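What the coordinates show
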There are 2 protein chains.
Amino acid sequence: MTHPFYGHNHIGKSRSALGTVTLHSVDARTGEPLPGPFFQATREEVDAACRLAQAVFPTFSTLAPAVRAGFLDTIADELDALGDDFIATVGRETALPEARLRGERARTSGQMRLFATVLRRGDFLAARIDRALPQRSPLPRPDLRQCRLGVGPVGVFGASNFPLAFSTAGGDTAAALAAGCPVVVKAHSGHMATAEAVAEAIHRAAERTGMPDGVFSMVYGGGVGEWLVQHPAIQAVGFTGSLRGGRALCDLAAARPDPIPVFAEMSSINPVVVLPGALQARGAQVAQELAASVTLGVGQFCTNPGLVLGVRSPEFSAFVAALCQRMAEATPQTMLNRGTFGSYCHGVQALLAVPGITRLCGADSTGGLAAPQVFQAEARLLLQGDAHLQEEVFGPATVVVEVADRAELLQALAALRGQLTATLIGEPDELAACADLVALLARKAGRVLVNGYPTGVEVCDAMVHGGPYPATSDARGTSVGTLAIDRFLRPVCYQNLPDALLPPALQNANPLGLARLVEGVSTREALA
Amino acid sequence: MTHPFYGHNHIGKSRSALGTVTLHSVDARTGEPLPGPFFQATREEVDAACRLAQAVFPTFSTLAPAVRAGFLDTIADELDALGDDFIATVGRETALPEARLRGERARTSGQMRLFATVLRRGDFLAARIDRALPQRSPLPRPDLRQCRLGVGPVGVFGASNFPLAFSTAGGDTAAALAAGCPVVVKAHSGHMATAEAVAEAIHRAAERTGMPDGVFSMVYGGGVGEWLVQHPAIQAVGFTGSLRGGRALCDLAAARPDPIPVFAEMSSINPVVVLPGALQARGAQVAQELAASVTLGVGQFCTNPGLVLGVRSPEFSAFVAALCQRMAEATPQTMLNRGTFGSYCHGVQALLAVPGITRLCGADSTGGLAAPQVFQAEARLLLQGDAHLQEEVFGPATVVVEVADRAELLQALAALRGQLTATLIGEPDELAACADLVALLARKAGRVLVNGYPTGVEVCDAMVHGGPYPATSDARGTSVGTLAIDRFLRPVCYQNLPDALLPPALQNANPLGLARLVEGVSTREALA
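In every chain, residue numbers begin from 1 and rise along the written sequence. Each chain is given a letter, starting from A, and each ligand a number, starting from 1, according to the order in which they appear as written. Where totals are concerned, whole chains, interfaces and linings use all residues; where local detail is concerned, this predicted model gives features only for residues with pLDDT of at least 70, and gives and counts side-chain atom pairs only at 80 or more. Heavy atoms from the whole structure form the basis of all side-chain values; hydrogens and water molecules are not counted.

Tallying secondary structure elements over chain A gives 16 helices and 23 strands in all. All radius of gyration figures rest on C-alpha atoms, and the globule criterion is 2.2 Å times the number of residues raised to 0.38. The C-alpha atoms of chain A give a radius of gyration of 25 Å, which matches the 24 Å a tight globule of 528 residues would have. Carbon and sulfur atoms form 56% of the exposed surface of chain A, whose accessible area is close to 17800 Å². By the counting scheme adopted, Arg and Lys are positive, Glu and Asp are negative, and His together with the chain ends is not counted. Taken as the charge centre is NZ of Lys, CZ of Arg, CG of Asp or CD of Glu, depending on the residue. When the 42 basic and 48 acidic side-chain charges of chain A are each reduced to a single mean position, those positions are 5 Å apart. Note on conventions: DSSP H or I runs of at least 4 residues are helices, E runs of at least 2 residues are strands, and numbering of each starts at the N terminus. Each accessible area is a Shrake-Rupley result for a 1.4 Å probe, and residues are judged covered by the shown protein chains and nothing else.

In structure tokens, the structure reads:
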């Protein structure tokens, strides 16, 4: 690890280490401390970062979108330019393999570039114009024009399982910066060295593109997250993590004198329904594919399929047996960190303690290696809304549920809580008769899949990585894909403003070349 | 009042009066009880209404948009067809004059028709399509398509001050029904007879257009609102009213096992800045116009200008004197109800009790008639963030603040909390130098006006009736205008679905003729 570490908090581009509490990052495989230390932020440091973000917000949020796009593109370049020592550091902190990390880095820089495209496209501004009707009776209509503006500084809490794509320069940061919102990141304690290197890359990009100081800050430490969420300058929060952690932030934000939105991506068991025709035609293949999805990345994905449903039949029994066989072939592996491993072991024990849930394959995890496991639960547990069954067990485990018939399948799905994803595996004929199932799953989940597996979340315009509670804290948002920018924007209406005082998005000449809704019709034309 | 009243709760199209608590509506001018009684809903009745809404949601939310549009158009027709006795009833319950009520009824039916237009236009579906890239390396891209779906049943709390446009069939109800969300209204206690007549009109429209039972319900009574917000079937809440009431609902919603969003439009003092040039050129005229805006409708508007700022000068002093003169000419009038009148008197007393605030004109209100009043507050109160000065006094009162110079003006505005509106009055030359002021006001308010008055909220695509807390509970929404529908929609992504299983908005043939974002480009073309 040749990369030098400072371990200081980032108050904009300044470094600060006022605190006395120090933290060490550890090697995920060996548990040995990595070079450090990292200085836990003091309340004053969190305050300074937030106030700096607030001070720079007016400037940053009104930069031309193309200028912010240049900033994002340059962050992407800086991330891509991080060397082998960086990849090695991330690997040591997370136990994730090099190929995965190189892929994730490409995803992260690609995400930045995609948001740059959104900025240049300009549809995020959602410009609407209703011109004055001075002759209207009984009252004239004034000139009214609407576009969107960033909500203000955003606090970002990265995830452990994507140290790049959902962390310091991840989707929440990209979306917030794109929206014109300065970002204050609470560095994830599981990869602080990674976070520092990424933060340095962002600072270099800010420097190279002439961004004002304070568009990005980062603080370290436990407990500092509360200060961040409660700080009056922070206007929204992005979070990816556990239900308990996310809900705690939501509760803090809701209790503020001025409540703010928290977009927390939290807990999902991602049901997969395997229909009879598919079981018959390709049950063994589905079992193999599903096992690969459950064990991919040691099961450490928000979209990991944690619940598999099928109608009782010899084919379903054979499928379950094949699934167990494939899962048993998978090797126990090191998880992201000891906390994650402990949670996995705890989740497994909680399942085992529920009457009506049995373990079909796998064994207790030992030596820090997560053992793949398959459980079977009685359908009544789902129908009765048993909470244990609905809780995400983060790791390479899944629960099989056999239902009596199609009616019970619908009942079981209806009893599920909100999900990130819901999947149907079926043959063309039987799928054609599944409009009711698709509609039901669409009410439960942010993404409905057919004949695919939920792991693998494409970053694009059409993606939704969200869903009803407890999948997220607000079903109206997504934390992956370009729509994620919407979480950090608010509409503003301008009435009777002189053209020169309007934001460029709304000026008569349409200098940004936007498609605008003018009198209810979308047009790119300039106004007279 | 020839209109017959039943006073029963509406569980869908059924009537129910299981409770033993009865309520009476009163004549706003005389305080005499009107014919009744109205039966306060029991918890079972609230539960029945919410469960019926939940049961009908799958059907209602997937009706073709044009079918829901027909429902909204028919509600509009039924509202327009309500006779003179209806207008008389609303007048007795609210003391609002007939001409205003006829205008408000037209606004309410016009709003329904505008949402019908939005449904036929289809842009609310926000369709996005990223087609499969099977050859992409290293991983193929699946077919991903996104559109929006209603969030689920919506609870609506009407406002007292717009018994039609912001109540039973008001903007929240129109937006929710347009989004495909069944609505359960908590009838406002200030106009229960009005609410019943409007609810009957909605039921007739539902019957005429073949809507499934349960798309609309209404319950009466105090305390029932808590049950509504806490009911598991309710997925979002619309509210217009006081800060205390709105915040209480937000807190209840945030404390649910599954928190839901509350869109509460609450408290705004709607600052108006009068610039030196305007004072010089037309101070007396501005004073007259402003007095008319402050006293319009007995000051009972959310956008009533409650704070007037200007830089110290002889012209500003003359303007304040002229404003007082005009306000003194306005006649004390009956407010919506005794509660509103009591709140106005209380708000005025609270202002008078603050050292640094003096009354320039007007007197204590007596005999149930609200007396127009002008106060002056020392600028330091704003600069110090004094809470009293920032609290809305709902009624025909406004507070004048004289600042030392432009720098202090900016400081005073920066110290304001979130607002529905913020207004600049100025001459062309001085406005041209006000880009900083406009930008500041856009960060504070949902609507920024130049040379107009904030009362009068146009219902159109470009309107924003929203703003940062405490103006609303979520600055990202509006409760007036077509964008209001967004509050009740969530995005759903469909991955690799057979064309026939996709919602029509996303099918290849584009049967709804939508403009869709396909691979990042907006197009109305069908896909091959």
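What follows is about the pairing of strand E17 (residues 373–378) of chain B. Relative to E17 of chain B, strand E15 (residues 357–361) of chain B is paired through four bridges, and the arrangement is antiparallel. Directly across from arginine 359 of chain B, in E17 of chain B, lies its bridge partner phenylalanine 375 of chain B. The pairing criterion is simple: DSSP has to find at least two bridges between the two strands.

Looking now at the domain arrangement of chain A. Residue and element names in this part refer to chain A. Domain start and end points were adopted from an automatic or database domain assignment. For chain A, the domain assignment lists domain 1 (9–25 + 42–266 + 479–486) and domain 2 (271–450). Spacing between the C-alpha centres of domain 1 and domain 2 amounts to 33 Å. Whether two residues touch is decided by their heavy atoms; if any such pair falls within 4.5 Å, the residues are in contact. Contacts between the two partners involve twelve residues from domain 1 and, on the opposite side, eleven residues from domain 2. As a working definition, buried area equals the accessible area (1.4 Å probe) given up by two parts on being put together, with both sides summed. Roughly 850 Å² of surface becomes buried between domain 1 and domain 2 when both sides are summed, with 59% attributable to carbon and sulfur atoms.

Facing the 67 residues of chain B at the interface are 67 residues of chain A. Between chain B and chain A the total buried area reaches about 5400 Å² when both faces are included, carbon and sulfur atoms providing 57% of it. Together, Arg476, Arg490 and Leu501 of chain B form the three largest contributors to the area buried by chain B at its contact with chain A, with a combined 13%. Take a side-chain nitrogen of Lys or Arg and a carboxyl oxygen of Asp or Glu: if they are within 4 Å of each other, that pair is a salt bridge. Our count for the chain B to chain A interface comes out at four salt bridges. Here aspartate 474 of chain A makes a salt bridge to arginine 476 of chain B, at a shortest N to O gap of 3.8 Å. Side-chain atoms alone can form a polar contact between residues adjacent in sequence; in general such a contact is a pair of N or O atoms within 3.5 Å, and within protein one must be able to donate a hydrogen while the other accepts it. Remark: the boundary between chain B and chain A carries 36 residue pairs in polar contact (both at pLDDT 80 or more). Every element with two or more residues in the side of chain B that touches chain A is listed here: helix H1 (43–61), strand E5 (128–130), strand E6 (144–150), helix H8 (243–254), helix H16 (435–444), strand E20 (445–450) and strand E21 (489–495) of chain B. Per-element accounting of the side of chain B that touches chain A gives the leading share, seven residues, to E21 of chain B. Each residue gets one label: Ala, Val, Leu, Ile, Met, Phe, Trp, Tyr, Cys and Pro are nonpolar, Asp, Glu, Lys and Arg are charged, and the others, such as Gly, are polar. Its residues assigned to classes, the side of chain B that touches chain A comprises 39 nonpolar, seven polar and 21 charged. Relative to E21 of chain B, strand E20 (residues 445–450) of chain A runs parallel, the two being bridged by three bridges. In the strand pairing of E21 of chain B, leucine 449 of chain A is matched with glutamine 495 of chain B.

Looking now at the side chain of glutamate 93 of chain A. All names here are of chain A. Among the structural elements, glutamate 93 can be located in helix H3 (residues 84–94). For the exposure calls, accessible area comes from a 1.4 Å probe over protein chains only, and a residue counts as buried if that area is under 20% of its type's maximum, exposed if over 50%, partly exposed in between. The buried charged residue glutamate 93 lacks any salt bridge, with arginine 92 as its nearest oppositely charged partner at 9.0 Å. In contact with glutamate 93, other than residues within four places in its own chain, are Ser25, Val26, Ala28, Leu34, Gly190, His191, Met192, Ala193, Thr194 and Leu336.

UniProt positions are given in the numbering used here, feature names are shortened, and annotations may be inferred rather than shown by experiment. UniProt records the feature "domain: Aldehyde dehydrogenase" (unreviewed entry) for residues 38–459 of chain A in the present numbering. Taken as a whole, residues 38–459 of chain A contains 47% helix and 18% strand, while its terminal C-alpha atoms sit 32 Å from one another.

Time to look at the packing of aromatic side chains. Stacked, tilted and edge-to-face are the three classes assigned to paired rings of Phe, Tyr and Trp, where Trp is represented by its six-membered ring and a pair needs centres within 6.5 Å; plane angles under 30 degrees give stacked, over 60 edge-to-face, the rest tilted. All chains considered together, the criterion is met by 14 aromatic pairs over all chains. Relative to phenylalanine 71 of chain A, the ring of phenylalanine 60 of chain A has its centre 6.2 Å away and its plane inclined at 80 degrees; by these criteria the two rings are edge-to-face. Here phenylalanine 71 of chain A lies in helix H2 (residues 65–81) and phenylalanine 60 of chain A lies in helix H1 (residues 43–61), a separation of eleven residues in the sequence. Taking relative accessible area as the criterion, phenylalanine 60 of chain A reaches 0% and is therefore assigned buried. Geometrically, the ring pair formed by phenylalanine 162 of chain B and phenylalanine 301 of chain B is tilted, given 5.6 Å between the ring centres and 50 degrees between the ring planes. Of this pair, phenylalanine 162 of chain B sits in the loop between strand E7 (154–157) and helix H5 (171–178) while phenylalanine 301 of chain B sits in the loop between helix H9 (276–295) and strand E13 (307–311), and the two are 139 residues apart along the sequence. With respect to class, phenylalanine 162 of chain B is no different from phenylalanine 301 of chain B; both count as buried. Among the aromatic residues, those joined into a cluster by ring pairs are Phe162, Phe166 and Phe301 of chain A.

We now examine the pattern of salt bridges. Per the counting criterion, the structure on display carries 58 salt bridges over all chains. Between arginine 282 of chain B and glutamate 427 of chain B there is a salt bridge, with the nearest N and O atoms lying 2.7 Å from each other. In this pair, arginine 282 of chain B is assigned in helix H9 and glutamate 427 of chain B in the loop between strand E19 (419–425) and helix H15 (428–432), connecting sequence segments 145 residues apart. Looking at glutamate 427 of chain B, the relative accessible area reads 25%, which means it is partly exposed. Each of Asp474 and Arg476 of chain A together with Asp474 and Arg476 of chain B takes part in salt bridges that share partners, so that together they form one network.

Turning to the environment of leucine 72 of chain B, a few remarks are in order. Residues and elements named next belong to chain B. With respect to the element layout, leucine 72 can be found in helix H2 (residues 65–80). Taking the C-alpha atoms as reference points, leucine 72 and phenylalanine 115, separated by 43 residues in sequence, lie 7.4 Å from one another. Setting aside anything within four residues of it in sequence, one finds leucine 72 in contact with Met112, Phe115, Ala116, Leu119, Ala174, Leu177 and Ala178.

Another point: the nonpolar core. Only buried residues count toward a nonpolar core. Its members are Ala, Val, Leu, Ile, Met, Phe, Trp, Tyr and Cys residues joined through side-chain atoms within 4.5 Å. Counting residues in each nonpolar core, the largest one holds 116 residues, and the members touching the most others are Leu424 of chain A together with Phe71, Phe488 and Tyr494 of chain B. Here this core takes ten residues from helix H6 (residues 192–208) of chain B, the largest share from any one element. Among the nonpolar cores identified, the runner-up in size contains 115 residues, and Phe5 and Ala127 of chain A together with Ile357 and Cys434 of chain B belong to it.

Another aspect to go through is the sheet that holds E20 of chain B. Two strands in a sheet stick together by hydrogen bonds in their backbones, pointing the same way (parallel) or opposite ways (antiparallel). Strand order in the open sheet formed by twelve strands is E23(A)-E22(A)-E5(A)-E6(A)-E21(A)-E20(B)-E19(B)-E12(B)-E13(B)-E18(B)-E17(B)-E15(B), with mixed pairing between adjacent strands. The open sheet has two edge strands, strand E23 (521–523) of chain A together with E15 of chain B, and neither has a second partner. Strand-to-strand, the axes of this sheet are offset by a mean angle of 25 degrees, without reference to chain direction. As paired elements, strand E22 (residues 516–518) of chain A and E23 of chain A share three bridges and run antiparallel to each other. Looking across to E23 of chain A, one finds that leucine 517 of chain A is bridged to serine 522 of chain A. With axes taken as lines fitted to C-alpha atoms, and helix axes fitted only over the stretch in contact, angles between N-to-C directions fall between 0 and 180 degrees. Those strands touched by helix H11 (residues 338–352) of chain B are E15, E17 and strand E18 (397–403) of chain B, and its axis lies near 30 degrees from that of E17 of chain B.

For lysine 444 of chain A, the position within the fold is in helix H16 (residues 435–444). Buried and unpaired, lysine 444 of chain A has aspartate 258 of chain B as its nearest opposite-charge partner, separated by 9.5 Å. One polar contact links the side chain of lysine 444 of chain A to the main-chain carbonyl oxygen of leucine 416 of chain A, over a distance of 2.6 Å. Sequence-distant contacts of lysine 444 of chain A, defined by excluding residues within four places in its chain, comprise Leu413, Ala414, Leu416, Arg417, Gly418, Gln419 and Pro468 of chain A.

With that out of the way, let us pick up unusual backbone geometry. Residues and elements named next belong to chain B. For the bond from glycine 36 to proline 37, the omega torsion is 0 degrees, close enough to zero to count as cis. The topology assignment puts proline 37 in the loop between strand E3 (22–23) and strand E4 (38–39). The backbone of glutamate 519 sits at a positive phi, close to 50 degrees, despite the residue not being glycine. Mapped onto the elements of the fold, glutamate 519 is located in the loop between strand E22 (516–518) and strand E23 (521–523).

So, about the relation of the copies chain B and chain A. Least squares is the method used to superpose the copies, on C-alpha atoms of residues holding a pLDDT of at least 70 in both. Note on the copies: chain B fits chain A at an RMSD of 0.0 Å, the axial shift is 0.0 Å, and the rotation between them is 180 degrees. On this basis, the relationship between the two copies can be described by a two-fold rotation axis. Within chain B, alanine 254 of chain B has its C-alpha nearest the rotation axis, a separation of 3.2 Å. Here 100% of the contact residues of chain B are again contact residues in chain A; the copies associate through an equivalent surface.

The side chains of a regular strand alternate between the sheet's two faces. All names here are of chain A. The element strand E18 (residues 397–403) is largely enclosed, with a buried count of seven among its seven residues. Going residue by residue along E18, you find Ala397, Val399, Val401 and Val403 tucked away on one face and Thr398, Val400 and Glu402 tucked away on the opposite face as well. The sheet contact formed by strand E13 (residues 307–311) and E18 spans five bridges and is parallel. Residue pairing across strands places glycine 310 opposite glutamate 402, the latter belonging to E18. The pairing of strand E17 (residues 373–377) with E18 spans five bridges and is classified as parallel. Along E18, the bridge assignment pairs glutamine 376 with valine 400.

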